[in-house]
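Residue strings, one per chain:
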Amino acid sequence: MDQGPTPPRDGGHAEPPSGRGVLEGAFLLLEELARAGEAGLTGLAHATGLPKTTVHRLLDQLTALGAVERHGSRYRIGATVARLGRSWNTHRALERSAVLPLRQLASATRATVCVTVPHAGQMTVVTGIPAAAREFFPHLSGQTLPPDSAADVVFAATEPPAAPPHGHSTAQWSRRLRRARDRGADVHQYEWEGERSCLAVPVHAPSGEVVAAVGVAVVDTRRLGTTIEAAQRAARMLSTSLGQAITPSRRN
């Protein structure tokens, strides 16, 4: 849950994309617009590391397709992308079961909250409710998290030991996993316009297997303990709801 803005690459002097690179450039822009909500040409070029001329050309193409909307000198996600996002239903049962737990968690914490799952090798947001702290991570459906996110940790803590992600030594990663097991949660701190924190707690299937993570973008670290408790209550509620949804199908 800990992904901040994408850092500029090569000082904003990347080569203009061609072929597969065009798609990669387009998705970089869409990811940044999803994160920022709305941005101008210069801001998008800085955040993605693409040349302004490339950004302008790709935005024109995405706007023509309805994937991006232009409002004056600023851009935001368009209706086409929103419609395609709603068609992602791989985890529809989980999304339905998470509605009430997330609402209660958002009410208790006044923070942006979400449910994430492993998907295509990355932790991916299934559903979320944007509230406070959404400016540094909006928790939009389909958004992916970095490999050292709190959600990754609560999954890795229940699995056989594996190589640590980039930037972590084996000893550091092992300590973090051990703390997550002992605490029933992981908290990840990083710098983005000041210190930011995100936390995640595991959601269990009736078998005990971790199948998802409930996450919170922490608003006030002084209330971290009560925020973790609220997230754990939401995760238990979601685990129970999933168990009730699965049981009838097993009886048939």
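Here the structure is a predicted model, which is why all the values come from computation and not from measurement.

Cut-off values and rules
Residues numbered from 1 in each chain as written. Predicted model: local features only at pLDDT ≥ 70, side-chain atom pairs only at ≥ 80, totals over all residues. Heavy atoms only, no water. Helix = DSSP H or I, 4+ residues; strand = E, 2+ residues; numbered from the N terminus. Buried < 20%, exposed > 50% of the residue type's maximum accessible area, 1.4 Å probe, protein only. Contact = heavy atoms within 4.5 Å. Areas by Shrake-Rupley, 256 points an atom, 1.4 Å probe, with all protein chains shown as cover. Patch = residues over 30% accessible without salt bridge, like charges linked within 9 Å, V, L, I, M, F, W, Y side chains within 5 Å. Salt bridge = Lys/Arg side-chain N within 4 Å of Asp/Glu carboxyl O. Lys, Arg positive; Asp, Glu negative; His and termini not counted. Charge placed at Lys NZ, Arg CZ, Asp CG, Glu CD. Expected span 1.5 Å × (residues − 1). Bend = angle between axes of the 7 residues up to and from the residue. Pairing = 2+ DSSP bridges. Polar contact = N/O pair within 3.5 Å; in protein donor to acceptor, adjacent residues only side chain to side chain.

1. Here's the deal with the overall build of the protein chain
Now for step 1: On a plain count of helices and strands, the protein chain comes out with 8 helices and 8 strands.
Now for step 2: Expressed as a percentage of the 252 residues in the protein chain, the buried residues total 44%.
Now for step 3: A separation threshold of at least 6 residues defines the contact pool for the protein chain, and within that pool the share at least 24 residues apart is 57%.
Now for step 4: For the protein chain, the accessible surface area stands at approximately 13,300 Å², while carbon and sulfur atoms represent 53% of it.

2. Some details on a positive patch on the surface
Now for step 1: A contiguous patch of positive charge on the surface is contributed by Arg175, Arg178, Arg179, Arg181 and Arg183.
Now for step 2: The class for Arg179 is exposed, based on a relative accessible area of 51%.

3. With respect to helix H5 (residues 92-109)
Now for step 1: With 18 residues, H5 should reach 26 Å at 1.5 Å per residue; the first-to-last C-alpha distance of 25 Å fits that figure.
Now for step 2: Considering bend angle alone, the principal kink of H5 is centred on Val99 and spans about 40 degrees; proline Pro101 follows within four residues of it.
Now for step 3: Within H5 the residues assigned to the buried category are Leu94, Ser97, Ala98, Pro101, Leu102, Leu105, Ala106 and Thr109.
Now for step 4: Downstream of H5 by one or two residues, Arg110 has phi in the positive range, about 60 degrees.

4. Re the pairing of strand E4 (residues 113-119)
Now for step 1: Among the 7 residues that make up E4, 5 are buried, leaving the element largely enclosed by the rest of the structure.
Now for step 2: Bridging between E4 and strand E5 (residues 122-129) involves 7 bridges; their strand directions are antiparallel. Note on E5: the bridge partner recorded for Val117 is Thr124.
Now for step 3: Where E4 folds back onto E5 in an antiparallel hairpin, the turn is made up of 2 residues, including Ala120, whose phi is positive at roughly 55 degrees.
Now for step 4: Where E4 and strand E8 (residues 210-218) come together, 4 bridges link them in antiparallel fashion. Considered in E8, the bridge of Val113 is made with Val216.

5. A short note on the side chain of Asp186
Now for step 1: Here Asp186 shows up in strand E6 (residues 186-191).
Now for step 2: Classification of Asp186 as buried rests on a relative accessible area of 5%.
Now for step 3: A distance of 2.7 Å separates a polar atom in the side chain of Asp186 from a polar atom in the side chain of Arg176.
Now for step 4: In this structure Asp186 touches Ala150, Val153, Val154, Arg176, Ala180, Cys198, Leu199 and Ala200, once residues within four positions along its chain are discounted.

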